[in-house]
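Given next are the chains, with one letter for each unit.
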Amino acid sequence: MQSVMDFIIEVIREPAIFLGLIALTGLLLLRKDFSSIVSGTAKTVIGVVILTQGTNILMNSIAPLTEGFNVMYNIDNPEIEPVLGAETILSEYGTPIGLAMLIAFSINLIVARFTPFKHVFLTGHMLFWFPFIFVAVGIENNLNNTQLIIFASILTSLYIIIAPALLRPFVRKVTGSDDFIIGHPTTILSLIAGMVGKLFGTKGKSSEDIKFPSSTEFLREISITSSIVMFFVYIVVSVIIGFEAATIAFGAEQNLFIYSVMQGILFGAGLTILLLGVRMMLAEIIPAFQGISQKWIPNSVPALDAPILFPYAPNAVLIGFVVSMITSVATIFMTGSWAFSALLSYH
Amino acid sequence: MTITCFFEIGTAAIIANGQGGLRGAIAGSAVAGVAMILLVGLSVPILSGTAADWILIFGGNDFSLWSFIGDLIAPIFSGG
């Protein structure tokens, strides 16, 4: 029994397999021919793997910056060592976390079937990390094992039902359709940004209509723009903390300038790969999900990972990244106290 | 949290752009960057004995907000 449960949990936690199975189920329900079923399922799986690899490349291109910021805040190796720690929770509380995940996902399916909350939360790795964090909160509140499972199941199901529903009208405004919504921990930040954007924004000019003169029209190409932006981020951080400190902080084995060029290009390449994967999986999973929304859960839509939105406004992604990096660094400096910044510099 | 700036707030900027165009995207992400730091600050003390290490890397988003919500209602589940 335990091994069956572990198997199901592993399937859900692996986005490629999980979404592949969803696509397969949908296509079978639509009674597609054999060839379409294999093709739709395989392209979903491969699309998700491409997306994931793009994400990994992006993380590798961003990660060294974290050390650069630590130097900026003037902190050496901030030590945050909770008594338990994430590793210990994962190994000692795997069963309550897994059970809560399965119970919450089942509740999501039932709620989608019978209530007006018509979405299915399909970001599998997030289906795992939410019960994890609720189990941690439960331990802090001295809940016993049974109480932990009940608590984490209820909170996780509330989260995966409420959060995507709150963001749904905002996503619809971006995509112009209701084919999918977002199931991702960005929700609160997206709601805040959306409301601020509505308050201070102008309707007319989108981030994607920025006009470039013909000599710089190459900047319309997101792979190039994003490479240049990331190159400048590395250069600016290097100038602020000093070239020598930057070389050490980034772990740069090349000349700092060449290193920054390559990190920039790595970022552009990663984003290009991610976008390719997103387009490939979207083209397959959306029509396949029709099977589920026609036969099993009427009018339901899938709630998917955040990068699914990236192709709709890639310039905005770069703007969000750079602007929020500046304001978050400024916030850490303004909140002032060394202890607080020590906590936060663990980036 | 540089990663959060990219994935979470990159998405938030798309949402803000949908509401208020380019200016909306800039204003929205500026505020979201501040909110991210405050959310981490809110959640670290709650998880100080357990997953504080994890929330410092992956928080500043719904994980932080919902740790706070969870912490408020957890006592109901302890049966007194």
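Residues numbered from 1 in each chain as written. Chains lettered and ligands numbered in written order. Predicted model: local features only at pLDDT ≥ 70, side-chain atom pairs only at ≥ 80, totals over all residues. Heavy atoms only, no water.

### Side note on the environment of K32 of chain A
Residue and element names in this part refer to chain A.
Working step 1: Along the chain, K32 falls in the loop between α2 (15-29) and α3 (34-72).
Working step 2: The sequence separation of K32 and V49 amounts to 17 residues, and the corresponding C-alpha distance is 24 Å.
Working step 3: The residues contacting K32, other than those within four sequence positions of it, are L27 and I37. (Helix = DSSP H or I, 4+ residues; strand = E, 2+ residues; numbered from the N terminus. Contact = heavy atoms within 4.5 Å.)

### Focus on the pattern of salt bridges
Residue and element names in this part refer to chain A.
Working step 1: Inspection of every chain in the model, using the stated rule, returns three salt bridges over all chains.
Working step 2: Here K43 ties to E284 by a salt bridge, and the two come within 3.4 Å at their closest N and O atoms. Remark: E284 occurs in helix α11 (residues 256-295) and K43 occurs in helix α3; sequence separation between them is 241 residues.
Working step 3: For D178, the salt bridge goes to R172, with nearest N and O atoms at 3.4 Å.
Working step 4: Under the relative-accessibility criterion, D178 is labelled partly exposed at 30%.
Working step 5: The class of R172 is partly exposed, set by a relative accessible area of 39%. (Salt bridge = Lys/Arg side-chain N within 4 Å of Asp/Glu carboxyl O. Buried < 20%, exposed > 50% of the residue type's maximum accessible area, 1.4 Å probe, protein only.)

### Details of the nonpolar core
Working step 1: Core analysis: the biggest nonpolar cluster contains 132 residues, and I133 and L304 of chain A together with F6 of chain B have the highest contact counts within it.
Working step 2: Look past the residues within four positions of I133 of chain A in its chain and what remains in contact with it is L47, A51, W54, I55, F63 and S67 of chain B. (Core = buried A, V, L, I, M, F, W, Y, C linked by side-chain atoms within 4.5 Å.)

### Some thoughts on the interface of chain A and chain B
Working step 1: Across the contact, 86 residues belong to chain A and 68 residues belong to chain B.
Working step 2: Here chain A and chain B share an interface that buries about 6600 Å² over both sides, 77% of which is from carbon and sulfur atoms.
Working step 3: For the interface between chain A and chain B, the tally reads zero salt bridges.
Working step 4: Joining chain A to chain B, the criterion identifies 23 residue pairs in polar contact (both at pLDDT 80 or more).
Working step 5: In terms of residue count, helix α7 (residues 145-175) of chain A provides more of the side of chain A that touches chain B than any other element does, 14 residues in total.
Working step 6: Of the residues assigned to the side of chain A that touches chain B, the class counts are 59 nonpolar, 21 polar and six charged. (Buried area = accessible area lost by both parts, 1.4 Å probe. Polar contact = N/O pair within 3.5 Å; in protein donor to acceptor, adjacent residues only side chain to side chain. Nonpolar A, V, L, I, M, F, W, Y, C, P; charged D, E, K, R; others polar.)

### Observations regarding the packing of aromatic side chains
Residue and element names in this part refer to chain A.
Working step 1: A full pass over the atoms with the stated rule returns 27 aromatic pairs over all chains.
Working step 2: When the ring of F231 is compared with that of F257, the centres are 5.6 Å apart and the planes differ by 85°; the resulting orientation is edge-to-face. Residue F231 is located in helix α9 (residues 222-241), and its partner F257 is located in helix α11; the two are separated by 26 residues in the primary sequence.
Working step 3: Looking at F231, the relative accessible area reads 17%, which means it is buried. (Phe/Tyr/Trp six-rings, centres within 6.5 Å; stacked < 30°, edge-to-face > 60°.)

### Some words on the sheet that holds strand β1 (residues 119-121) of chain A
Residue and element names in this part refer to chain A.
Working step 1: One open sheet holds the three strands; their spatial order is β1-β3-β2, and the pairing between them is parallel. At either end of the open sheet lies a strand with only one pairing partner, and these are β1 and β2 (181-182).
Working step 2: Most of the contacts of α11 go to strand β3 (residues 301-304), to which it runs at about 145°, and overall it touches β1 and β3. (Pairing = 2+ DSSP bridges. Axes fitted to C-alpha atoms, helices over the stretch in contact; angles between N-to-C directions.)

### Observations regarding a nonpolar patch on the surface
Working step 1: Taken together, I150, I154, L158, I162 and L166 of chain A make up a surface patch of nonpolar side chains, about 380 Å² in accessible area.
Working step 2: Mapped onto the secondary structure, L166 of chain A falls in helix α7. (Patch = residues over 30% accessible without salt bridge, like charges linked within 9 Å, V, L, I, M, F, W, Y side chains within 5 Å. Areas by Shrake-Rupley, 256 points an atom, 1.4 Å probe, with all protein chains shown as cover.)

### What to know about the packing of helix α6 (residues 124-140) of chain A against α7 of chain A
All names here are of chain A.
Working step 1: α7 packs onto α6 with a crossing angle of 135° between their chain directions and a minimal axis gap of 9 Å. Considering their axes alone, α6 and α7 lie oblique with respect to each other. The chirality of how α6 crosses α7 is right-handed. Residues L127, F130, P131, F134, V135, V137, G138 and I139 of α6 form the contact with α7, whose participating residues are L148, F151, A152, L155, T156, Y159 and I160.
Working step 2: Residue classes in the contact of α6 with α7 are distributed as 13 nonpolar, two polar and no charged. (Parallel < 35°, antiparallel > 145°, perpendicular 65-115°, else oblique. Left-handed = near helix turned anticlockwise from the far one by under 90°.)

### Remarks on the packing of α2 of chain A against α3 of chain A
Residues and elements named next belong to chain A.
Working step 1: Taken N-terminus to C-terminus, the directions of α2 and α3 make an angle of 155°; their axes are 8 Å apart at the nearest point. For the element pair α2 / α3, the angle class is roughly antiparallel. In terms of crossing hand, the pair formed by α2 and α3 is right-handed. For the pair α2 and α3, the contacting residues are P15, A16, L19, G20, A23, L24, L27 and L28 in the first and S36, I37, G40, T41, T44, V45, V48 and V49 in the second.
Working step 2: Of the residues assigned to the contact of α2 with α3, the class counts are 11 nonpolar, five polar and no charged.

### Some words on the confidence of the model for chain B
Working step 1: Looking at chain B, the pLDDT average stands at 93 and 99% of residues meet or exceed 70.
Working step 2: Within chain B, no element has a lower average pLDDT than helix α2 (residues 52-58) of chain B, which sits at 90, and none a higher one than helix α3 (residues 62-77) of chain B, at 96. (pLDDT = per-residue confidence, 0-100.)

### Let's talk about the side chain of N17 of chain B
Working step 1: Looking at the secondary structure, you find N17 of chain B in helix α1 (residues 2-43).
Working step 2: Judged by relative accessible area, N17 of chain B falls into the buried class, the value being 10%.
Working step 3: If sequence neighbours within four positions are ignored, N17 of chain B has contacts with S206, S207, E208, A313 and A316 of chain A together with L22 and A25 of chain B.

### Looking at the pairing of β3 of chain A
Residue and element names in this part refer to chain A.
Working step 1: Side chains of β3 alternate between two faces, with V301 and A303 and P302 and L304 buried alike.
Working step 2: Pairing between β1 and β3: three bridges, direction parallel. Among the inter-strand pairings, V120 is bridged to a residue of β3, identified as P302.
Working step 3: Sheet topology places β2 next to β3; two bridges connect them, and they run parallel. Bridge pairing in β3 places I182 opposite L304.

### A short note on α9 of chain A
All names here are of chain A.
Working step 1: Taking 1.5 Å per residue as the helical rise, α9 with its 20 residues ought to reach 28 Å, and the 28 Å between its terminal C-alpha atoms agrees with that figure.
Working step 2: Within α9 the residues assigned to the buried category are I222, S223, T225, S226, S227, M230, F231, V233, Y234, V237, S238 and I241.
Working step 3: Of the residues flanking the end of α9, it is G242, one or two places downstream, whose phi is positive at about 95°. (Expected span 1.5 Å × (residues − 1).)

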